[in-house]
Structure formats: structure tokens, C-alpha cells
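One-letter residues, chain by chain:
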There are 2 protein chains.
Amino acid sequence: MRTVFVTGAAGFIASNLVDRLLADDIAVVGWDNFSTGQRPFVAGALAHPRFRLVEGDNLDLPALTKAMAGCDTVFHLAANADVRFGTDHPEKDLRQNTIATFNVLEAMRANGIRRIAFSSTGSVYGEAKVIPTPENAAFPVQTSLYGASKVAGEGMIQAYCEGFGFEGYIFRFVSILGERYTHGHVFDFYRQLVEHPDHLRVLGDGSQRKSYLYVQDCVSAILHVMRAQLAAKAPHRVEIFNLGAPEYCQVRDSIHWICEALALKPRLDFTGGDRGWIGDNPFIYLDTAKVQATGWKAQLTIREGILRTLRWLQANPWVYEQR
Amino acid sequence: MRTVFVTGAAGFIASNLVDRLLADDIAVVGWDNFSTGQRPFVAGALAHPRFRLVEGDNLDLPALTKAMAGCDTVFHLAANADVRFGTDHPEKDLRQNTIATFNVLEAMRANGIRRIAFSSTGSVYGEAKVIPTPENAAFPVQTSLYGASKVAGEGMIQAYCEGFGFEGYIFRFVSILGERYTHGHVFDFYRQLVEHPDHLRVLGDGSQRKSYLYVQDCVSAILHVMRAQLAAKAPHRVEIFNLGAPEYCQVRDSIHWICEALALKPRLDFTGGDRGWIGDNPFIYLDTAKVQATGWKAQLTIREGILRTLRWLQANPWVYEQR
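Not measured: the values here are computed from a predicted model. (Residues numbered from 1 in each chain as written. Chains lettered and ligands numbered in written order. Predicted model: local features only at pLDDT ≥ 70, side-chain atom pairs only at ≥ 80, totals over all residues. Heavy atoms only, no water.)

A. A look at the packing of helix 8 (residues 251–262) of chain B against helix 10 (residues 302–315) of chain B. Residue and element names in this part refer to chain B. One way to put it is that helix 8 packs onto helix 10 with a least axis distance of 10 Å and a crossing angle of 45 degrees. Between helix 8 and helix 10, the angle is such that the two are oblique. Seen along the crossing, helix 8 lies across helix 10 with a hand that is right-handed. Residue-level contacts link Ser254, Trp257, Ile258, Glu260, Ala261 and Leu262 of helix 8 to Ile302, Arg303, Ile306, Leu307, Leu310 and Gln314 of helix 10. (Axes fitted to C-alpha atoms, helices over the stretch in contact; angles between N-to-C directions. Helix = DSSP H or I, 4+ residues; strand = E, 2+ residues; numbered from the N terminus. Parallel < 35°, antiparallel > 145°, perpendicular 65-115°, else oblique. Left-handed = near helix turned anticlockwise from the far one by under 90°. Contact = heavy atoms within 4.5 Å.)

B. Geometry of the pairing of strand 1 (residues 3–7) of chain B. Residues and elements named next belong to chain B. Burial analysis of strand 1 places four of its five residues in the buried class, the great majority of the element. Here strand 1 pairs with strand 2 (residues 27–32) via five bridges, running parallel. Note that in strand 2 the partner of Val6 across the bridge is Gly30. Taking the sense of rotation as the criterion, the β-α-β connection linking strand 1, helix 1 (residues 12–23) and strand 2 turns out right-handed. (Buried < 20%, exposed > 50% of the residue type's maximum accessible area, 1.4 Å probe, protein only. Pairing = 2+ DSSP bridges. Right-handed = clockwise from strand over helix to strand, strands pointing away.)

C. Seen up close, the pairing of strand 2 (residues 27–32) of chain A. Residue and element names in this part refer to chain A. Among the six residues of strand 2, six are classified as buried, and the element is accordingly described as predominantly covered. Going residue by residue along strand 2, you find Ala27, Val29 and Trp31 tucked away on one face and Val28, Gly30 and Asp32 tucked away on the opposite face as well. The pairing of strand 2 with strand 3 (residues 51–55) spans five bridges and is parallel. In the sheet register, Gly30 faces strand 3, and the bridge partner there is Leu53.

D. Broad picture of the packing of helix 5 (residues 145–164) of chain A against helix 5 (residues 145–164) of chain B. Here helix 5 of chain A crosses helix 5 of chain B at 175 degrees, and the two axes come no closer than 8 Å. Here helix 5 of chain A lies roughly antiparallel to helix 5 of chain B, going by the angle between them. Facing helix 5 of chain A, whose interface residues are A:Leu145, A:Ala148, A:Val151, A:Ala152, A:Gly155, A:Met156, A:Ala159, A:Tyr160 and A:Phe164, helix 5 of chain B presents B:Leu145, B:Ala148, B:Val151, B:Ala152, B:Gly155, B:Met156, B:Ala159, B:Tyr160 and B:Phe164. Considered class by class, the residues forming the contact of helix 5 of chain A with helix 5 of chain B number 16 nonpolar, two polar and no charged. (Nonpolar A, V, L, I, M, F, W, Y, C, P; charged D, E, K, R; others polar.)

E. View of the packing of aromatic side chains. All names here are of chain A. Under the definition given, this model contains 22 aromatic pairs over all chains. Aromatic ring contacts, followed pair by pair, group Phe41, Trp312 and Trp318 into a single cluster. Of note, Arg39 hangs over the ring of Phe34, and the distance from its end group to the ring centre comes to 3.9 Å. Lying over the aromatic face of Phe241, Lys290 brings its terminal NZ or CZ to 4.6 Å of the ring centre. (Phe/Tyr/Trp six-rings, centres within 6.5 Å; stacked < 30°, edge-to-face > 60°. Lys NZ or Arg CZ within 6 Å of the ring centre and 35° of its normal.)

F. Representation of the domain arrangement of chain A in the model. Residue and element names in this part refer to chain A. Splitting chain A by domain gives domain 1 (3–176 + 213–243) and domain 2 (178–211 + 246–322). One C-alpha centre belongs to domain 1, the other to domain 2, and the line joining them spans 23 Å. Taken together, the contact between domain 1 and domain 2 spans 40 residues of the former and 33 residues of the latter. Where domain 1 abuts domain 2, roughly 3,100 Å² becomes buried across the two surfaces, and 61% of that area is made up of carbon and sulfur atoms. Ranking the residues of domain 1 by area buried against domain 2 places Phe41, Arg84 and Tyr214 at the top, with a combined share of 21%. Counting the contacts that link domain 1 with domain 2 gives three salt bridges. (Domains from an automatic or database assignment. Buried area = accessible area lost by both parts, 1.4 Å probe. Salt bridge = Lys/Arg side-chain N within 4 Å of Asp/Glu carboxyl O.)

G. Just the relation of the copies chain A and chain B, in detail. For the pair chain A and chain B, the best superposition has an RMSD of 0.0 Å and corresponds to a rotation of 180 degrees with a translation of 0.0 Å parallel to the axis. Taken together, the rotation angle and the small translation identify this as a two-fold axis. Of all interface residues in chain A, 100% are interface residues in chain B too; the two copies therefore contact each other through one and the same surface. (Least-squares fit on C-alpha atoms with pLDDT ≥ 70 in both.)

H. Fine view of the nonpolar core. Core analysis: the biggest nonpolar cluster contains 148 residues, and A:Phe75 and B:Phe75 have the highest contact counts within it. Residue contacts for A:Phe75: discarding those within four places in its chain leaves A:Met1, A:Val4, A:Phe5, A:Val6, A:Thr7, A:Leu17, A:Leu21, A:Ala117, A:Ile222, A:Leu223 and A:Met226. A:Cys161, B:Leu145, B:Met156 and B:Phe166 belong to the second largest nonpolar core, which has 62 residues in total. (Core = buried A, V, L, I, M, F, W, Y, C linked by side-chain atoms within 4.5 Å.)

I. The arrangement of helix 7 (residues 215–232) of chain A in detail. Residues and elements named next belong to chain A. End to end, helix 7 covers 26 Å across 18 residues, agreeing with the expected 26 Å (1.5 Å per residue, within 8%). Listed as buried for helix 7 are Val215, Asp217, Cys218, Val219, Ala221, Ile222, Leu223, Val225, Met226 and Gln229. Looking one or two residues past helix 7, Lys233 carries a phi angle of roughly 45 degrees, positive in sign. (Expected span 1.5 Å × (residues − 1).)

J. Region of interest: empty space enclosed by the protein. Within this structure, the stated rule accounts for six cavities of 30 Å³ or more. Taken as a whole, the largest cavity encloses approximately 70 Å³ of empty space. Around the largest cavity, the lining residues are A:Thr98, A:Phe102, A:Ala152, A:Met156, B:Pro90, B:Asp93, B:Leu94, B:Thr98, B:Leu145, B:Ala148, B:Ser149 and B:Ala152. Counting only elements with at least two residues in the lining of the largest cavity, the list comes to helix 4 (90–111) and helix 5 of chain A together with helix 4 (90–111) and helix 5 of chain B. Taken together, the residues that form the lining of the largest cavity break down as eight nonpolar, three polar and one charged. (1 Å grid on protein atoms, 1.4 Å probe; cavity = no way out; pocket = protein on both sides within 12 Å on 5 of 7 lines; lining within 4 Å. Points joined across faces, edges and corners; volume = space filled by probe spheres on them.)

K. Broad picture of the interface of chain A and chain B. On the side of chain B, 39 residues touch chain A, which itself brings 39 residues to the contact. Looking at the side of chain A facing chain B, the largest losses of area belong to A:Leu94, A:Phe139 and A:Glu162, adding up to 22% of the total buried there. Taken together, chain A and chain B are joined by zero salt bridges. Secondary structure elements with two or more residues in the side of chain A that touches chain B: helix 4, helix 5 and strand 11 (238–243) of chain A. The element that contributes the greatest number of residues to the side of chain A that touches chain B is helix 5 of chain A, accounting for 13 residues. Split by residue class, the side of chain A that touches chain B holds 22 nonpolar, ten polar and seven charged.

L. Up close: the sheet that holds strand 5 (residues 115–121) of chain A. All names here are of chain A. Strand order in the open sheet formed by seven strands is 3-2-1-4-5-6-11, with parallel pairing between adjacent strands. Only two strands of the sheet have a single neighbouring strand rather than two, namely strand 3 and strand 11. Pairs of neighbouring strands in the sheet enclose a mean axial angle of 20 degrees, with direction left out of account. Helix 1 (residues 12–23) contacts strand 1 (3–7), strand 2, strand 3, strand 4 (73–76) and strand 6 (167–173) of the sheet and is inclined by roughly 165 degrees relative to strand 1. With respect to the sheet, helix 7 is in contact with strand 4, strand 5, strand 6 and strand 11, its orientation differing from that of strand 6 by roughly 155 degrees.

As C-alpha cells, this is what we get:
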């Protein structure tokens, strides 16, 4: 990895990845259409001589192909990451995830680039019967358009590995949080509590169990896995890794930690039911034995990750004020 | 099921399905763009008062939506069914399978139609480790663009079932053969032997093991499963069934049966290797216990199916002469 291409470079996870790559002396071409990406997230990178930002859309294949020239590895993290509102605009997951991923693969092929890392999701397991859920769980049934679009992306990457000799790293993330986090339950809760510190509306009944991973741990895992593989010169086509913390918490736990940190005692208004919305999975917990066997280990607990996220939101009110 | 919409109605499997539906007094709107569909395959249906043919393309969403009006069930069988040459034109599987399936779902949603049957494929299992392969095999790695596009289609259908209350029947077919068969190994072997009866070029080493299903058995299975479910008024979201014969054969067996039937003794020229082409799976055999438990049973053996296919090709030279 000498010159890498990062899609969605101004996004939450990708911008953290960009900073880490630059710190490791790797040249980075950042690609973003700024539909949800944030300019402040690449402000630091832009000051770096080895960073180049190209504004463009994954649906513009000629521009994407041109921008990718000269890179040896692609980190494809750009996506419509909104699971909850998928049914409001079904074409969004198709275009921004499925077709976008196809274009990334075609741009790579046109440039002779074969190494791709892809941000998939634990949502691809649907409502898994085995928990913690391993990478080789039973062939799942999709419960969200988002999960379906990520499965579509994974499948195309795998087929390009087989058919065109690509080298694919697929990472199935749990929910990620930390610095530059711009959506999800901590974001929602914090914004509510800034507006009305005396009450908090909670989707579902608060019993939903979820696993979270701190963004720096996520980025470390991606780079650790790829470096180990490259160093070993191990021939492989596709490697799939679950990325998550070796623990889970309940939404109620998270509320407790957040309220304690903010010294608030809001009234909790639960919308009721065992899940937040249609397609919400009330229990997500991935088996991360495979990635841990590579020597990677999460540095922060879920509680610590939530508290860091909270501190970052407190220091960056522009993130929730602009919404 | 009173008025059904069949995509790819002039195709191999769909046209056989159309004839069966009409024989069962169900009104059928057939939809085909005739890119690979054959007009003679719907000639019989066109003489039927309950059949209406609409020519159009799945990529034309407004026309598709209009054509579907008034139907209560959709059989989505239109597809680019070419597994072997996927890497020659990767956009074909994306457009004709993935995006086409999305459009079918959107046209259904616009019309308030919620019941869909979908022709998926055993190729979605990639190179399965468990053989015979059950529906709940381990989360597979895709080995063809075709398989990847069918997984994408399955995933979207499943997400529409969860998100929009659709009722989905997903059938994972082995290779189907029989009347109106227009591509595959029997087609290829027969056409070669008509051209040069003294030798036969065989991809791979002939040891590939595949399972085949006779098209009438395939159509019977689809209708049997759906009727049983509708009669039981069993609430369900998604039902997935493998469809195949409870046996497999080697390519060498098939050659033997074909040559015996044609009274030929060609020299066999094997291209070598354990598979026919990149992404070819040298052993496909699906576990069909689930569909058999519904009371369906294949009427023909693989050998009988191959011989019927051969007889149909002999009686319809236009099919291979036009290529």
C-alpha cells in the first residue's frame, strides 16, 4: 500500500482512516461527493502534502476511473449508511451502495487496481439465530434495504475476486462510534437532551441489545488485518471479518452512561415494542474471534466509546446544530 | 392467484410456466423484451383468451409499472442467465438481474401487488462446503457475477418482504432442462454433434458433477409450493426453496446418454482441468428435502430429462441453427 484511494473520504469512518493512513506515510487520494461528508473532517488531511481531495460521485464512472489512476489499493467506505429510513427511498441503497460499488470495481478494473477493502455491516446477518454471530453463520434473510445492498456489494466484490483476480477484504461492522460520529443513537439522544434536558424519547422499549465499536479500534482492525495479510504474502481471494467489540450493551445501559456523564435525570418516554423501527434488529452481537485471532484487540469498552463520542459531540455542536 | 404477471414470459422456463398457468385457468400477462425470448415459445399462449403479451424491458420502470396493473402475483423469471460469460460484460448481470429486480419490486409497490416468486439459482452457494447443499448452508462467497446478482435480487426481495409486507417465494434452481431449452451443456453438445458427429469438445475433464431438473418438474414445484402456502393461509414473509433432482450426474454420464441416444461414438476432446471455466462450480448438488417435505416429487430422472431435451432439440433445429 503506497497510494490508496478512499471513497467517502469526508465521512465519519473514512476520514478517520485517512488521517491514520497519512500518519503512516501512505499517500491518499480522497474521493467524496459531500452529500453527507463534512469538510471539517478532511481539514487536517488537506494540510498534508500526501493528501489529495477529488470531489466526485460514485455514480459518475468516468470521473471515478480518472480519479483512481495511480492508486494501488481502494478503501470503499462511501455508502448510504442510513438503515432506518431505507423504506422511505428504496432507490437510495440501490444507487449509492449497490451501483456505486459496481462502479468502484469497474474503475479499479480499468486502472488495473486489484486490492479492495469494503465496509460491510453486521446487518447482512438479518435476524441471526446464532449469537454471537460468526462470519460463516447460516445463509441469512435480509431485513433491510441497507443490508441487502451491502450483501449485493459483497457478492460483486467476491465475484470480481474470482473472475478478475481481485484481492478483497470485507469488513462487517457493528455500529461504529467515536470522533466525527454524525448519526446513531448517541447522536440522537445527545441532541434531544440539549434541546430538552428533562425528557428523552427512546425508540422501542430500551431492551434492544447492540454491540458498538470505537472508530479508532475499527480503523486499527482494518489496517492490522490488511498489513498482516500483505506481510505474509498469503495468497487469498476474499477475506471476511466481523468487526465489533467483544461485548454488547442494552439501550438502557447507554442511556444510563450518557445521563450520568451529563448529570441529567430525564423522564424516559419509550415508544414501545421490542425494536426501534421496522427492520431494526433487537439483538446484534458479532462473533469477532476471527479478527482477534490475528492479534487485534479493541482498546476501548463500549462504555468508553460512548463517552468519547459524547465528549466529541459536546466539543462540536456544529454537527448537530446544522441538522 | 387470479391474474399473474410473468417477466421473461417468452423465455425457456417462464414460457413453460405460462402454459401451465393458462391450463389452470389463471389469467396471465406475459412481459418480455425478446432480447433472448423466443416468439415461438409464446405462440400457443397467444392463442389463449386469458393471455396478454406486453413487450417491454425491465429497465423501463414506467412501462413495467403500467403493464403490471391489475395483477395480484408476479413471477419474476426474466434474467441474464448466462453464468459462463459474465466477466465479458459485468454490467449485464447488474442491469438485467439486480436493477431489473429492483424495478419489478418498485412496479409491484406502485400497483399494490405484494406476492412475488423469483427464480434464483444454486450458484448463490458459490463453492459450497456441504453437499448436498441445504437452504441454510453457511453464508456463501460468490464465485460468479451471475450468482452475485441473484443474491442481490434475493436480498432486495427479502427486504421488501420485511419493509413493505411483501410475500416472497425464492426458488434456487439447479440447471433446468427440457422443452424450449436454449443454452447449456446438452445444447452445446448436441449442436456440436450435428456439425461434426465424429468429435466432441468438452470443457474441463468431464468429471464435473451437476444436478439437473426437468422443466415441467420445476414448474410443478413452484406452483405446488405456492398453492400449499396460499391454501394454508400460513402467514409468512419469505420462503426459500432449493429446486433440483434428488441425484446428480457427471458430465461423462451425460455424454454417454447423449451419444447412445444419437448412436454416435465421437472422439472426446477434453479441454482439461476440474472445471469448465473460471467460476464454474465442479460440483453442484442441492439438498431438496425442504421442497420434498411439501409433497412435491420430481417425475423424471436426470437421464430422462436429458433425453427429453435431446428429442426436443432434434424436433426444433431452428433453435440451434439461428445462433
